[in-house]
Amino acid sequence: MSGVQNIEVKPDDEGVRIDRWFKRYFPGLAFGQLQKIMRKGEVRLDGKRVKGKERVAAGQIVRVPPLNHDAKSTAPKLSRIRLSDADIKEVRSWVVYEDDAIIALNKPAGLPTQGGTGQTRHVDGLLDALKGKSDHRPRLVHRLDKDTSGALLLGRTPKAAAALAKAFQSRETDKRYWALVAGTPKERDGRISVRMDKVAAKGHERMVVSADGKLSVTDYSVVESAGQMACWLALKPHTGRTHQLRLHCSEMGHPIVGDGKYGGQAAFLTGAISRKLHLHSRFISFPHPDGGRVTVTAPLPDHMTASFDFLGFTVGDYEDPDFE
């Protein structure tokens with residue numbers, strides 16, 4: 001068929017989900033359109049039909065059907081982005097753990113993990129700052145929302161990245177988030193379990209509770225509270241749906257502070273509390289690609305530290321509860 005492309009997967013794309021591979025190289029291709037051509041079998045990986053969640057490996061061949069002009073626009077060549085000394089110093093300051101196989105960053109709030117419409121600065125575009133003398137460019141193995149801060153893992157090599165991606169896919173990782181939410185739940189510990197789906201609303205997408213959606217499960221525990229004004233929650237997601245924690249907290253009636261998208265005006269507190277999203281990936285425990293298990297911890301961002309101080313919360317030597 002005229003216009004069909006057969007593209008070999010590069011080593012730097014090892015372990016990437018194929019839908020994210022398309023986002024990287026065909027940023028103009030709408031998500032819905034990509035899902036449609038996959039359902040029709042027009043996208044193939046080594047000749048086989050493929051779903052968006054499947055991961056590519058170096059050397060595999062992706063069959064790309066004819067696309068419209070907008071979708072054909074190529075993604076930015078990340079390796080060619082010129083980084084200043086200040087950029088490199090800033091990115092290095094985010095590192096909270098590194099060894100020969102992995103790097104863990106404390107991602108700042110407000111910085112996208114990957115590029116998108118109107119996004120020119122993002123973590124993926126800055127990773128050359130961490131390449132050093134290696135032949136391999138560090139690569140993302142999971143992502144955090146733009147406004148969520150905290151622990152973000154990178155693989156230094158294709159082998160390490162593939163192992164970490166597999167650990168996330170098989171749920172061998174243990175992730176804990178801290179959030180400041182409006183109000184305080186009546187039950188100090190509990191589990192939120194709902195089916196959720198994505199819908200279009202006013203020019204953007206958001207998640208909603210839907211009987212036809214995918215199951216999402218989160219455990220929560222109240223750590224400290226400031227009366228009925230706000231409380232500090234420890235959260236353990238058992239699934240990894242888009243905006244899962246934000247929707248779950250909102251469904252409890254206690255939206256995450258700063259989350260106007262899911263909490264409306266109820267998500268914004270008065271006084272010295274920042275209007276930024278108060279959701280932080282505090283730590284991740286995971287199997288190391290070379291054996292054993294590693295836990296990395298990310299310090300709170302400045303705006304959450306300031307809010308905790310204002311409300312009288314003390315982080316100190318607090319340890320997260322052992323959720324089942």
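Procedures and definitions
- Residues numbered from 1 in each chain as written.
- Predicted model: local features only at pLDDT ≥ 70, side-chain atom pairs only at ≥ 80, totals over all residues.
- Heavy atoms only, no water.
- Helix = DSSP H or I, 4+ residues; strand = E, 2+ residues; numbered from the N terminus.
- Buried < 20%, exposed > 50% of the residue type's maximum accessible area, 1.4 Å probe, protein only.
- Salt bridge = Lys/Arg side-chain N within 4 Å of Asp/Glu carboxyl O.
- Phe/Tyr/Trp six-rings, centres within 6.5 Å; stacked < 30°, edge-to-face > 60°.
- Pairing = 2+ DSSP bridges.
- Arc of directions from axis to C-beta.
- Contact = heavy atoms within 4.5 Å.

In this structure, Asp46 takes a positive phi of about 50° despite not being glycine. Residue His243 is not a glycine yet carries a positive backbone phi of 55°. Tracing the backbone shows His243 in the loop between strand S13 (230-237) and helix H6 (244-251). By relative accessible area, which is 15% here, His243 ends up buried.

Turning to the pattern of salt bridges, a few remarks are in order. Within the structure shown, the criterion is met by 15 salt bridges. Ionic pairing is found between Glu98 and Arg156, a salt bridge with its closest N-O pair at 2.4 Å. Of this pair, Glu98 sits in strand S5 (residues 95-98) while Arg156 sits in the loop between strand S8 (149-155) and helix H5 (158-169), and the two are 58 residues apart along the sequence. With a relative accessible area of 17%, Arg156 lands in the buried category. Because the salt bridges share partners, they merge into one network encompassing Arg24, Asp124, Asp128 and Arg137.

On to the packing of aromatic side chains, then. By the definition in use, this model includes eight aromatic pairs. Both rings, one in Phe22 and one in Phe26, keep their centres 5.8 Å apart while their planes meet at 35°; by these two values the pair is tilted. Summarising the burial analysis for this pair, Phe22 and Phe26 share the class buried. Ring centres of Trp232 and Phe308 lie 4.9 Å apart, and the angle between their planes is 45°; on these two criteria the pair is classed as tilted. With Trp232 in strand S13 and Phe308 in helix H8 (residues 302-311), the pair connects residues that are 76 residues apart, well separated along the chain. Using a relative accessible area of 0% as the deciding quantity, one classes Trp232 as buried. Members of the aromatic cluster, joined through ring pairs, are Trp21, Phe22, Tyr25 and Phe26.

Moving on, we come to the pairing of strand S6 (residues 102-107). A large share of S6 lies buried, amounting to six of its six residues. Residue alternation in S6 divides its side chains into two sets, Ile102, Ala104 and Asn106 and Ile103, Leu105 and Lys107, and both sets are buried. Pairing of S5 with S6 involves three bridges; the strand directions are antiparallel. Looking across to S6, one finds that Glu98 is bridged to Ile103. Turn length for the S5-S6 hairpin, with the two strands adjacent in sequence and antiparallel, is three residues. Two elements, S6 and S8, share six bridges in a ladder whose sense is antiparallel. When the sheet's bridge partners are listed, Asn106 is paired in S8 with Ala151.

Those residues of H8 not exposed but buried are His303, Met304, Ser307, Phe308 and Leu311. Angular distribution of buried residues about the axis of H8 spans 135°; they occupy a single face of the element. Turned more than 90 degrees from where H8 packs its buried face, Asp302 and Asp309 sit exposed. As for H8, its buried residues are in contact with strand S9 (174-182), strand S12 (214-226), S13 and strand S14 (279-287).

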